[in-house]
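Tertiary structure, described
Residue-level listing of the chains:
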Amino acid sequence: MIEMLLQGEEDWQAFNAPALVGDSLRFVSGDLTGKRFRFRYFRKADGNLVARVWFGPETEGPPGHAHGGSIAAVLDEVLGLAGWAAGHAVVVGNLNISFRNLLPLQTVVQVESEVISVKGRKVLVHGRIFGPGDVTYASAECLCITIRPADIAAL
């Protein structure tokens, strides 16, 4: 059931995050069968990165709902990866999150992302987590900083 809900829309293309950033750089989404998160990444027709995410029982904060830190971790990974998917090797410099509604556990949600601007080494990405009925659980603004080539070589 969960796997079906994680599938993308017809016009989305599966996105291979490990091919872009490696297996070890996906702190949140690295375990595809765990009790914390289950992730699938896609690229929409407009080129923006989107994820379908299941928040499992090990993400609990308030009884029956996801912990704010788990929501923040998902936004950090997805919005940072959106910068990489747009061709910018980045790290997250600042992540501002507005929590809108409690996110019930064992819910599959969608995480949208959009690269808003690129100015020098600064890449601004917006995103939101929403679920059934278009309920927004959290929205975020992420300032990513491009990694210098010498720093990438050290990875």
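One can find the structure itself at the top, above this paragraph.
Residues numbered from 1 in each chain as written. Predicted model: local features only at pLDDT ≥ 70, side-chain atom pairs only at ≥ 80, totals over all residues. Heavy atoms only, no water.

1. Examining the overall build of the chain
Along its length, the chain carries four helices and seven strands. Written out in order from the N terminus, the α and β elements of the chain read α-β-α-β-β-α-β-β-β-β-α. Taking 2.2 N^0.38 as the reference for a compact globule, 155 residues should give roughly 15 Å; the C-alpha atoms of the chain span a radius of gyration of 15 Å, in line with that estimate. Principal-axis analysis of the C-alpha atoms places the extent of the chain at approximately 45 × 30 × 30 Å. Among the 155 residues that make up the chain, the fraction classed as buried is 40%. Restricting the contact set of the chain to residue pairs at least 6 apart, pairs at least 24 apart contribute 61%. For the chain, the accessible surface area stands at approximately 8200 Å², while carbon and sulfur atoms represent 54% of it. Put simply, the chain has 14 plus and 16 minus side-chain charges, and the middle of one group is 5 Å from the middle of the other. (Helix = DSSP H or I, 4+ residues; strand = E, 2+ residues; numbered from the N terminus. Rg over C-alpha atoms; globule rule 2.2 N^0.38 Å. Buried < 20%, exposed > 50% of the residue type's maximum accessible area, 1.4 Å probe, protein only. Contact = heavy atoms within 4.5 Å. Areas by Shrake-Rupley, 256 points an atom, 1.4 Å probe, with all protein chains shown as cover. Lys, Arg positive; Asp, Glu negative; His and termini not counted. Charge placed at Lys NZ, Arg CZ, Asp CG, Glu CD.)

2. Concerning the nonpolar core
In terms of nonpolar packing, the biggest core is built from 35 residues, with Phe-39, Tyr-41, Val-53, Phe-55, Val-74 and Ile-129 touching the most fellow members. Elements represented by at least two residues in this core include exactly α2 (17-21), β2 (37-43), β3 (49-55), α3 (68-85), β5 (107-119), β6 (122-130) and β7 (136-146). Per-element accounting of this core gives the leading share, nine residues, to α3. Not counting chain neighbours up to four residues away, the residues in contact with Ile-129 comprise Ile-71, Val-74, Leu-75, Leu-103, Val-109, Gln-110, Val-111, Val-135, Thr-136, Tyr-137 and Ala-138. (Core = buried A, V, L, I, M, F, W, Y, C linked by side-chain atoms within 4.5 Å.)

3. A closer look at unusual backbone geometry
You will see that Gln-106, though not glycine, has its phi angle at about 60 degrees, which is positive. The residue Gln-106 is located in the loop between β4 (90-99) and β5 in this model. Using a relative accessible area of 54% as the deciding quantity, one classes Gln-106 as exposed. Located in the positive-phi region is Asp-134, a residue other than glycine, with phi close to 60 degrees. Inspection of the secondary structure puts Asp-134 in the loop between β6 and β7.

4. Quick look at the packing of aromatic side chains
Applying the stated rule across the entire model yields four aromatic pairs. Considering the side-chain rings of Trp-12 and Phe-42, the 5.5 Å spacing of their centres and the 45 degrees angle between planes classify their relative orientation as tilted. Residue Trp-12 is found in the loop between α1 (2-5) and β1 (13-14), and its partner Phe-42 is found in strand β2; the two are separated by 30 residues along the sequence. Assessed through its relative accessible area of 10%, Trp-12 is described here as buried. With 5.4 Å between their ring centres and 40 degrees between their planes, Phe-39 and Tyr-41 make a pair best called tilted. The pair Phe-39 / Tyr-41 is uniform in exposure class, with both members buried. Grouped by ring-pair contacts, the aromatic residues Phe-37, Phe-39, Tyr-41 and Phe-55 constitute a single cluster. Lying over the aromatic face of Trp-54, Arg-38 brings its terminal NZ or CZ to 4.7 Å of the ring centre. If you follow Arg-128 out to its NZ or CZ, it ends over the ring of Phe-130, 3.9 Å from the centre. (Phe/Tyr/Trp six-rings, centres within 6.5 Å; stacked < 30°, edge-to-face > 60°. Lys NZ or Arg CZ within 6 Å of the ring centre and 35° of its normal.)

5. What to know about the side chain of Gln-110
Mapping Gln-110 onto the fold places it in strand β5. A distance of 3.0 Å separates polar atoms of two side chains, one belonging to Gln-110 and the other to Arg-52. Discounting residues that sit within four places of it in the chain, Gln-110 has contacts with Trp-12, Val-50, Ala-51, Arg-52, Arg-128, Ile-129 and Phe-130. (Polar contact = N/O pair within 3.5 Å; in protein donor to acceptor, adjacent residues only side chain to side chain.)

6. A closer look at the pattern of salt bridges
This model, assessed by the stated rule, comprises six salt bridges. Between Arg-128 and Asp-134 there is a salt bridge whose closest N-O contact spans 2.9 Å. By sharing partners, the salt bridges in this structure join Lys-44, Glu-112, Arg-128 and Asp-134 into a single network. (Salt bridge = Lys/Arg side-chain N within 4 Å of Asp/Glu carboxyl O.)

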